[in-house]
Every structure is written in C-alpha cells, then in structure tokens.
Amino acid sequence: MTDLTPPPLANDCFALPPGVDWTPVDEALAALRDRLAPVTGTETIRAVDGLGRILAVPVIAGRSNPPQPNSAVDGYGFAHAGVVPGPNRMPLVEGRSAAGEPFPGTVPPGHAIRILTGATIPAGVDTVILQEDIATDGQNIAFHGPLKPGANTRRAGEDVDDGDEILPVGRRLTPADIALMTAVGVDRIEVRMPLRVGVISTGDELAEAGTKARADQIYDANRPMLLAMAARLGFVPVDLGRVADDRDSLRAAMDAASTAADVILTSGGASAGDEDHVSALLKESGSLSHWRIAIKPGRPLALAMWNGTPVFGLPGNPVAAMVTALIFARPAFGMLAGEGWNLPEPLLLPAAFSKSKKPGRREYLRARLRDGRVEVFGSEGSGRISGLSWAEGLVELPDEAAEIAPGTLVRYLPYAAFGL
Ligand code: AMP
Ligand code: MG
C-alpha cells in the first residue's frame, strides 16, 4: 500500500458566519468536528509495534480464533453420543491430546482420551469432562451423566472468524488490541503518521525554565504544560520555543512552526489588546476567526490557518490555556490525527460544594473526587496554577443557570477521561 497524505484543510475552515457572537461550547465543538479532517499521512508497520498508533485502515482477521476446536479445561474427551444418564464407564485410549501436541488418531465410540487445556479436540471427540468430575484407575474413567453435548470445548472461530473486521479505522491501539491482532495472525497494519503538535509561548514577561528570572518576569508554564499534554495524549510534542511580543519574531516563529508541526498551539496574546500580537498577526494572514465562545475560563480562543496549518491561539492564563486545550484542542487533535471525534464521557456524581451559577456560558471548575463526592478548588482565579495541579479533573457546569448544593449531581470529567 502506498503512503498517502490527505489534502490540506480549507484556508477559511474556521470562518464563522457574520454576526455570530458568543458561540455556545457545543456549537463551537460541532463546528470544529465538521470543519476538521485528518491531515496526517499513513505508513505500514508491524502490528506488534502498533501500541498507541491510530489505524488508517480496518484490521481484518487473517485466521480464526481458535483456529480449531480445543479443550477449555484439563479433563477427558469422548463422543457425547455414548453418554447415558447415571453412571458411565469408558476405557481410555492410549496417548493424550495436549496443547501443541495434538492426538493424531481417532477416538473410537465409547472410548475416552486424556485431554488438556488448549489441546485440539481429536477426531471422534465432541465433549470434555472436567478431571475433577471423574474417577480413574489409569485404564478407565467413570463419571455421572447426563452431560451437555460440547461441554468444556471451544468452537473453532467462537472468538473471531477468519475475515472478520476486528478493529475499525480510527482505533488507537491498546495492549489488548495488540493481543487480538496477534492472535488472528495479523502482522502488518496501516496506521496514521503521528500528529505533530507544535507549541509556542508568547509574552515579553516570560522567562525560560531553568534560567534566572528578573523580578518582573514569570516562568513560562504553558509551554511545558502543553508539550506534556500533547505527549500524554499520544501525539508528538514539538517545542517551538518562546516568542516576544513582537510581530516579526512571531511571524518567523509561525512560519517555522507551520513546517515543523501539523497543528500549532500558541498561548498568550490571543485577545484584542495592544500587546495581543498573536491575534493581530493571524488577522493579517486573513484567516483569523476569533471564536467568542461562551465559556469560563477560556475566552477568547483564536482559530486560524497559517500556511495551511491550523492554529489554536489559546489564552495566556494557564488555567484558561489548559481548559481550552482540553475542551477544544484535544478533540480537534483527534480529528486531525485520524482518530475521529471523541468527547470524554462525564460521570454524574454528587457535589461536595455549593455554587450559584449565572446563565449564559458554560463553566469549568478545577475538581477532584474524594469519598465519592466532587470537591472543587477554593479559588476560581484563572492564574492559579496550583489549583490545576491540585485538581484531578474538571466539573462542567451547564450553559444555563445552576444552583448547586452538597449532594447535587454534577458532571465530573476526570483528567483521565481526556486521556491525560
Ligand atoms: P495574555 O493572554 O497574553 O494577555 O496573558 C494573560 C495572562 O497569562 C498574563 O498574566 C500572562 O502573564 C499570563 N501568561 C501568558 N503566557 C503565559 C505562560 N506561557 N506561562 C504562564 N503564564 C502566562
Ligand atoms: Mg501576553
């Protein structure tokens, strides 16, 4: 199979119809789902090397599992037709059938054979009795009927039939999937090339981790966070550095980013202020859409195409950057990477907190689960990085107004549900 790279996304794919204001989260997500498509090429690899890779083509079983009928237990096999209700006695044939050492002959009617777990069922046998259910003198076995025909045997193909589709396009392969592919003789699979997620931080106030910061500087926390997030989600993080609040440097960084990465995440400078160079530059490129999404924390989100590469301009506040990355960028990465559109499944759990929420926008609180109840971080300040680290997930409060008291069921999204 030849390696294929999909066509580029349309340059105006993020454009919103004129007059659109304060897009609800669900509408913004639906728009992303509709406008994005896989951008990664494909390659053929060995199935055993496929952990975490995304299937570009469905996987078809190359043989049945099990390939032949075999025994599910250690016991004795015989033809069910010879079994009577009440006491049975059968002479044993010489030899046995063990896993990997099948019995070559045929077991005559009325005779039994020693058979072990995983062993091919010999000709003349259709039923197996557990060794615990018989008595033997070494020459014969005795047991009580009746028995179910076919008892303790596994049918050929009862798990998977040769030719079955065992895994669909878009599947991100798990250890269990590797077992399944191996079991049915699949050696080569066609997968997507890993999505390269480029991360840029912007801001004159930022200092690099590990260097001495001036008193007025803050350490760049977003870039390490977003790179770690990309890695944890199974994508390839591409560190594109830190850029000052300067149009030319930013333009150069974006040019480099658009060849080094399949999707670009920037943080900072995404609003419409004097020093918001990301949105200003993207506007120049003609493809900027400011998505004023009705979400807290997190607005605004700047979406644009730069030299054909999608750009997510995230807010600079670390909490807002992480929330928007999880809520919007993560499912978008799935589409771009060929995994399809996947949203986390919230768990409905009782709150351990009180909150009176106004209508008009969706809110995400830093949260964690303790003793079966969801507790939230004491402060909602979007600069509070300690709260991000304290949390083990987010609580999603609805777009509408909500009155939450201890015991009210809330939607809890553990970080793990996002794949973190
Ligand atoms: P901005 O979106 O650029 O206006 O930034 C909003 C806030 O987030 C400001 O307080 C910034 O200093 C802060 N901020 C921006 N980028 C980062 C970053 N990479 N790491 C930590 N804080 C940041
Ligand atoms: Mg800034």
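Residues numbered from 1 in each chain as written. Chains lettered and ligands numbered in written order. Predicted model: local features only at pLDDT ≥ 70, side-chain atom pairs only at ≥ 80, totals over all residues. Heavy atoms only, no water.

Trainee: How would you summarise the sheet that holds strand β9 (residues 140–145) if you had to cite specific residues and measurements?
Mentor: Reading across the sheet, the 6 strands line up as β7-β4-β6-β5-β9-β8 and stay open at both edges, with mixed pairing between neighbours. Sheet topology places β7 (127–130) and β8 (135–136) at the edges, where each strand pairs with a single neighbour. (Pairing = 2+ DSSP bridges. Helix = DSSP H or I, 4+ residues; strand = E, 2+ residues; numbered from the N terminus.)

Trainee: Describe empty space enclosed by the protein, listing the residues and the values that go with them.
Mentor: In this structure the tally under the stated criterion is 1 cavity of 30 Å³ or more. Here the largest cavity is characterised by a volume of approximately 30 Å³. If you go around the largest cavity, the residues you meet are L226, M229, A230, L233, L265, A325, R330 and F333. Classifying every residue of the lining of the largest cavity by side-chain character gives 7 nonpolar, no polar and 1 charged. (1 Å grid on protein atoms, 1.4 Å probe; cavity = no way out; pocket = protein on both sides within 12 Å on 5 of 7 lines; lining within 4 Å. Points joined across faces, edges and corners; volume = space filled by probe spheres on them. Nonpolar A, V, L, I, M, F, W, Y, C, P; charged D, E, K, R; others polar.)

Trainee: Now, about the packing of aromatic side chains: what can you tell me, with residues and values included?
Mentor: Counted under the stated rule, the structure contains 4 aromatic pairs. Ring centres of F78 and F143 lie 5.1 Å apart, and the angle between their planes is 5°; on these two criteria the pair is classed as stacked. In this pair, F78 sits in strand β4 (residues 75–78) while F143 sits in strand β9, placing the two residues 65 residues apart along the sequence. The residues F78 and F143 share a single accessibility class, namely buried. Ring centres of F312 and F333 lie 6.5 Å apart, and the angle between their planes is 80°; on these two criteria the pair is classed as edge-to-face. In this pair, F312 sits in strand β21 (residues 309–314) while F333 sits in helix α6 (residues 318–337), placing the two residues 21 residues apart along the sequence. (Phe/Tyr/Trp six-rings, centres within 6.5 Å; stacked < 30°, edge-to-face > 60°. Buried < 20%, exposed > 50% of the residue type's maximum accessible area, 1.4 Å probe, protein only.)

Trainee: Tell me about α6, and please be specific about residues and values.
Mentor: Its 20 residues place the ends of α6 only 25 Å apart at the C-alpha level, less than the 28 Å of an ideal helix rising 1.5 Å per residue. Its axis deflected by about 40° at A325, α6 carries its strongest bend there. Counted residue by residue, α6 has 20 buried out of 20 residues, so it is predominantly covered. Immediately beyond the C-terminal end of α6, within one or two residues, lies G338, with a positive phi of roughly 90°. (Expected span 1.5 Å × (residues − 1). Bend = angle between axes of the 7 residues up to and from the residue.)

Trainee: Tell me about the site of ligand 1, and please be specific about residues and values.
Mentor: Taken together, the neighbourhood of ligand 1 is formed by 15 residues, with E205, D220, A221, G269 and G316 sitting nearest. N222 is positioned with one of its backbone polar atoms (N or O) 3.4 Å from a nitrogen atom of ligand 1. One of the backbone nitrogen or oxygen atoms of G316 is found 3.0 Å away from an oxygen atom of ligand 1. Its free accessible area being 490 Å², ligand 1 has 74% of it covered by the protein chains. Those elements that place two or more of their residues in the shell around ligand 1 are β13 (196–202) and β15 (218–219). Considering only residue class, the shell around ligand 1 consists of 5 nonpolar, 8 polar and 2 charged. (Near = heavy atom within 4 Å. Polar contact = N/O pair within 3.5 Å; in protein donor to acceptor, adjacent residues only side chain to side chain. Areas by Shrake-Rupley, 256 points an atom, 1.4 Å probe, with all protein chains shown as cover.)

Trainee: Describe unusual backbone geometry, and please don't skip the residues or the numbers.
Mentor: Following N65, the chain continues to P66 via a peptide bond in cis, the omega torsion being -10°. When you line up the elements, P66 lands in the loop between β2 (59–60) and β3 (70–71). A cis amide bond, omega -5°, links K296 with the succeeding residue P297. The topology assignment puts P297 in the loop between β19 (295–296) and β20 (301–306). Phi at N152 takes a positive value of approximately 60°, unusual for a residue other than glycine. Relative to the assigned elements, N152 resides in the loop between β9 and β10 (153–154).

Trainee: Tell me about the side chain of D262, residues and numbers included.
Mentor: Here D262 shows up in the loop between α4 (247–260) and β17 (263–267). Among the residues examined, D262 registers a relative accessible area of 15% and is labelled buried. D262 has contacts with V39, T40, P194, L195, R196, T309 and P310, leaving out every residue within four places of it along the chain. (Contact = heavy atoms within 4.5 Å.)

Trainee: Talk me through the side chain of T324; I want residue IDs and the actual numbers.
Mentor: Turning to its location among the elements, T324 is positioned in helix α6. Overall, the relative accessible area of 1% leaves T324 in the buried class. A distance of 3.2 Å separates the side chain of T324 from the backbone oxygen of A321, its partner in a polar contact.

Trainee: I'd love a proper account of the domain arrangement of the protein chain, names of residues and values included.
Mentor: The assigned domain composition of the protein chain is domain 1 (22–41 + 194–337), domain 2 (45–51 + 55–64 + 162–192), domain 3 (70–154) and domain 4 (347–414). Between domain 3 and domain 4, the C-alpha centre-to-centre distance is 60 Å. (Domains from an automatic or database assignment.)

Trainee: Outline the pattern of salt bridges, listing residues and values.
Mentor: Tallied over the full model, the rule gives 26 salt bridges. E208 is the salt-bridge partner of R242, the closest N and O atoms lying 2.8 Å from each other. Of this pair, R242 sits in strand β16 (residues 236–243) while E208 sits in the loop between β14 (206–207) and β15, placing them 34 residues apart in sequence. Of the charged contacts in the structure, one is a salt bridge between K296 and E380, with a shortest N-O distance of 3.2 Å. Of this pair, K296 sits in strand β19 while E380 is found in the loop between β25 (373–376) and α7 (385–390), placing the two residues 84 residues apart along the sequence. On the basis of relative accessibility, which here comes to 27%, the residue K296 falls in the partly exposed class. One salt-bridge network, in which partners are shared between bridges, spans D26, R362, E396, D399 and R411. (Salt bridge = Lys/Arg side-chain N within 4 Å of Asp/Glu carboxyl O.)

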